[in-house]
Amino acid sequence: MKRPTWDEYFINIAEMIAMRSSCLRRQVGAVIVKNKDIVSTGYNGAPQYQKNCLEIGFCYRDLHNITSGTQLERCRAVGSHAESNAIALAARNGHSTSNSTIYIHGHEFVCYQCKAQIANANIKRVVLKKPNGKIEELVPERDWTVHPIDEENCSC
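Residues numbered from 1 in each chain as written. Predicted model: local features only at pLDDT ≥ 70, side-chain atom pairs only at ≥ 80, totals over all residues. Heavy atoms only, no water.

Asks: Help me understand the overall build of the chain in this model?
Replies: When you go through the chain residue by residue, the secondary structure sums to 7 helices and 5 strands. Starting at the N terminus and ending at the C terminus, the chain contains elements arranged as α-β-β-α-α-α-β-α-β-β-α-α. Its C-alpha atoms give the chain a radius of gyration of 16 Å, within 12% of the compact-globule value 15 Å for 156 residues. Taken along its principal axes, the extent of the C-alpha atoms in the chain is 45 × 45 × 35 Å. Burial statistics for the chain: of 156 residues in total, 37% are counted as buried. In the chain, the proportion of contacts linking residues at least 24 apart, taken out of those at least 6 apart, comes to 58%. Placing the 19 positive and 16 negative side-chain charges of the chain at their respective mean positions leaves the two points 5 Å apart. (Helix = DSSP H or I, 4+ residues; strand = E, 2+ residues; numbered from the N terminus. Rg over C-alpha atoms; globule rule 2.2 N^0.38 Å. Buried < 20%, exposed > 50% of the residue type's maximum accessible area, 1.4 Å probe, protein only. Contact = heavy atoms within 4.5 Å. Lys, Arg positive; Asp, Glu negative; His and termini not counted. Charge placed at Lys NZ, Arg CZ, Asp CG, Glu CD.)

And the structure:
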């Protein structure tokens, strides 16, 4: 029997959490871990008090052929991505996310809003398992130092 590494263990938990998602397009789960203890979890879906796509039975963005990654304001889960939900739950329960790691399962990339929230929550490490199974490790203070506006205007 091969015992999973800590990264494998927590990314597998993130995969299980993604199964709670109410998004019909993509199921994403996140786990915030500090000193090998789970601080918080989150999955993508509509905010509290609002109906989600599963309850309604359709995805507005799919119904209107909206390209993934665009017109996010037309998504019921806007602002309620797995990462932001995990950060909000930690805050709501009084748990510090400072110097922690966030494990994310189900995205191709971390959106700009979630990057900002992760950085501002002082999360030091991001482990992302993409839908194709590839795992990417990111360090916000190293990898996210250029604002997207500056990337667009770069003449490099």
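Asks: I would appreciate a short explanation of the packing of helix 4 (residues 82-92) against helix 5 (residues 112-120) in the present structure.
Replies: For any two helices packed against each other, the geometry comes down to the angle between their axes and how far apart the axes lie. Orientation of helix 4 relative to helix 5, taken along the N-to-C sense of each, is 30°, at an axis distance of 9 Å. With respect to helix 5, the element helix 4 is oriented roughly parallel. Helix 5 is crossed by helix 4, and the crossing has left-handed handedness. In contact with Glu83, Ser84 and Ile87 of helix 4, helix 5 contributes Cys114, Gln117 and Ile118. (Axes fitted to C-alpha atoms, helices over the stretch in contact; angles between N-to-C directions. Parallel < 35°, antiparallel > 145°, perpendicular 65-115°, else oblique. Left-handed = near helix turned anticlockwise from the far one by under 90°.)

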